[in-house]
Amino acid sequence: MLYLSRFTFPSQERESFYFHGPQRQCYNTYYPFGVIARFDPTVIEFEPVTILYGGNGTGKSTALNVISEKLGLLRDARYNRSNFFEGYVGLCDAELRRPVPGHSRIITSDDVFDYMLNLRALNEGIDERREEIFREYIEDNDKVNPFRFRTMEDYDRLKRVNLARRMTQSAYTKARLNPNVREQSNGESASFYFTSRIQDGGLYLLDEPENSLSPTKQAELLQFLEDSARFYDCQFIIATHSPFLLAMRGALVYDMEADPVCRRRWTELPAVRAYHDFFKQHEAAFDDLGGNP
């Protein structure tokens, strides 16, 4: 499915003209001006899956943030914006093939990290409550100083005592405590974040989704994204240097490290070639069934 078919960033000439207007002031940074103007031309055309490849500082995350802001996509975490961000976005143009669904969103590494930190905080709070319940169980089972019911104010305590006397400590704790929200590893939590946020029929911008994911989880995410694009009317624009995601079937890949930026086959990209050369160099180790290093 194609929602966004083309996006035009301001050219160097248009950026220069902007600063000859009333916006010209003294600032330490004009970000995001000057980051993407090296596109030649300053236009990105999209397919159902489009990948922006490049290392740090190549502008791929900036491009996603600008596109997201122009289209008004949902996002969870805040991101750094300069005084010129709104002006820059105003100079951009988005060409749509069809209306962008309202549940479309951008998902960044900060979104995933914030989710994992919030999850950890929730679980830590539940762990503290579990310790309190352990102490209550011991107190309610006190044989030396048994509980005596005196007034209706003791009714809740009476219910607890009866519960404790009928159950083991683990059963008592389970009955009085909600389980942890998600008892998962960071990789499992990150994977869950993507699968829970990506719905059918939406435009999704993913900024380095491979962060916090093991190779196995990256392969699982690859399959999920491929299926979502092929069968469930999703469009993806992905900033990544993961060879797993770069290998996505039918993906249009832009090399953001090239000058000017150009389209490439994923097998031509430097990061992928580095992996290829490394494993080629150690090919004999994989063929050695004896397992010798």
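Refer to the structure above for everything that follows.
Predicted, not measured: the structure shown is a model, and the values here were computed from it. (Residues numbered from 1 in each chain as written. Predicted model: local features only at pLDDT ≥ 70, side-chain atom pairs only at ≥ 80, totals over all residues. Heavy atoms only, no water.)

Chemist: Help me understand the packing of aromatic side chains in this model?
Modeler: The geometry of two aromatic rings is summed up by the distance between their centres and the angle between their planes. Here the structure, examined in full by the defined rule, presents 9 aromatic pairs. Consider the rings of Tyr193 and Phe194, whose centres lie 6.4 Å apart with planes at 90°: the pair is edge-to-face. Judged by its relative accessible area of 2%, Phe194 is buried. Among the aromatic residues, ring-to-ring pairing joins Tyr18, Phe33, Phe84 and Tyr88 into one connected group. (Phe/Tyr/Trp six-rings, centres within 6.5 Å; stacked < 30°, edge-to-face > 60°. Buried < 20%, exposed > 50% of the residue type's maximum accessible area, 1.4 Å probe, protein only.)

Chemist: Quick question: what am I supposed to make of the sheet that holds strand β8 (residues 252–255) here?
Modeler: The strand order across the open sheet built from 6 strands is β5-β6-β7-β3-β8-β9, with neighbouring strands paired in mixed fashion. Each end of this open sheet is capped by a strand with a single partner; those strands are β5 (105–107) and β9 (262–263). Relative to strand β6 (residues 203–207), β5 runs parallel, the two being bridged by 3 bridges. Within β6, the residue paired with Ile106 across the bridge is Leu205. Of the strands in this sheet, β3 (49–53), β5, β6 and β7 (235–240) are in contact with helix α2 (residues 60–71), which crosses β6 at around 150°. (Pairing = 2+ DSSP bridges. Helix = DSSP H or I, 4+ residues; strand = E, 2+ residues; numbered from the N terminus. Contact = heavy atoms within 4.5 Å. Axes fitted to C-alpha atoms, helices over the stretch in contact; angles between N-to-C directions.)

Chemist: How do you make sense of the pairing of β8 when you look at a structure like this?
Modeler: One face of the sheet, then the other: side chains in a regular strand alternate in exactly this way. What you see with β8 is no split at all: Leu252 and Tyr254 on one side and Val253 and Asp255 on the other are buried throughout. In this sheet, β9 lies alongside β8 in antiparallel orientation, the contact comprising 2 bridges. Following the sheet pairing, Tyr254 is matched in β9 by Arg263.

Chemist: Teacher, can you tell me more about the side chain of Glu210 here?
Modeler: The topology assignment puts Glu210 in the loop between β6 and α8 (215–231). Of note is the side chain of Glu210, whose polar atom sits 3.4 Å from the backbone nitrogen of His241. Excluding residues that lie within four positions of it along the chain, Glu210 makes contacts with Gln218, Thr240, His241, Ser242 and Leu245. (Polar contact = N/O pair within 3.5 Å; in protein donor to acceptor, adjacent residues only side chain to side chain.)

Chemist: Looking at this structure, I do not really get unusual backbone geometry. What am I missing?
Modeler: Leave glycine aside and you will find that most residues have negative phi; peptide bonds, for their part, are mostly trans. For the bond from Asp259 to Pro260, the omega torsion is 5°, close enough to zero to count as cis. Relative to the helices and strands, Pro260 is located in the loop between β8 and β9. If you check the backbone angles, Glu208 has positive phi at about 50° while not being a glycine. With a phi close to 60°, Asp233 is a non-glycine residue in the positive phi region. Within the secondary structure, Asp233 sits in the loop between α8 and β7. Assessed through its relative accessible area of 37%, Asp233 is described here as partly exposed.

Chemist: Honestly, the pattern of salt bridges in this entry has me stumped. Any pointers?
Modeler: Side chains that differ in charge, positive against negative, can pair when their charged atoms come close. Here the structure, examined in full by the defined rule, presents 10 salt bridges. Between Arg105 and Asp76 there is a salt bridge; the shortest N-O distance is 3.3 Å. Pair noted here: Arg105 is in strand β5 and Asp76 is in the loop between α2 and α3 (85–90), with a separation of 29 residues, a long-range link. Overall, the relative accessible area of 11% leaves Arg105 in the buried class. Asp76 sits in the partly exposed class, given a relative accessible area of 43%. Note that Lys217 is salt-bridged to Glu220, the shortest N-O span being 3.2 Å. One end of the pair, Lys217, and the other, Glu220, are both in helix α8, 3 residues apart, so they sit about a helical turn from each other. (Salt bridge = Lys/Arg side-chain N within 4 Å of Asp/Glu carboxyl O.)

Chemist: How should I be thinking about the environment of Leu213 in this particular structure?
Modeler: Summarising the element assignment, Leu213 is placed in the loop between β6 and α8. Given a relative accessible area of 8%, Leu213 falls into the buried group. Distance from Leu213 to Ala190, taken between C-alpha atoms, is 7.1 Å for residues 23 residues apart in sequence.

Chemist: Got a minute to help me understand the sheet that holds strand β4 (residues 93–96) in this structure?
Modeler: Pairing between sheet strands relies on hydrogen bonds along the backbone, with the strands arranged either parallel or antiparallel. Read from one edge of the open sheet, 3 strands run β2-β1-β4, paired in antiparallel fashion. Single-partner strands in this sheet number two, and they are β2 (43–45) and β4. Averaged over all pairs of adjacent strands, the angle between strand axes in this sheet comes to 15°, irrespective of strand direction. As paired elements, strand β1 (residues 4–8) and β2 share 3 bridges and run antiparallel to each other.

Chemist: Sorry if this is basic, but what is going on with the nonpolar core here?
Modeler: Side chains of a nonpolar character, in soluble globular proteins, are inclined to be buried together. Counting residues in hydrophobic clusters, the biggest one holds 33 residues, and the most contacted among them are Phe9, Val66 and Leu205. Looking at this core, the elements with two or more residues in it are β1, α2, α3, β6, β7 and β8. For this core, the leading source of residues is α2, giving 4 residues. Leaving out residues up to four positions away in the same chain, Leu205 has contacts with Leu64, Ile67, Ser68, Leu73, Arg105, Ile106, Ile107 and Ile237. In this structure, Tyr53, Tyr193, Phe236 and Leu246 belong to the second largest nonpolar core, which totals 26 residues. (Core = buried A, V, L, I, M, F, W, Y, C linked by side-chain atoms within 4.5 Å.)

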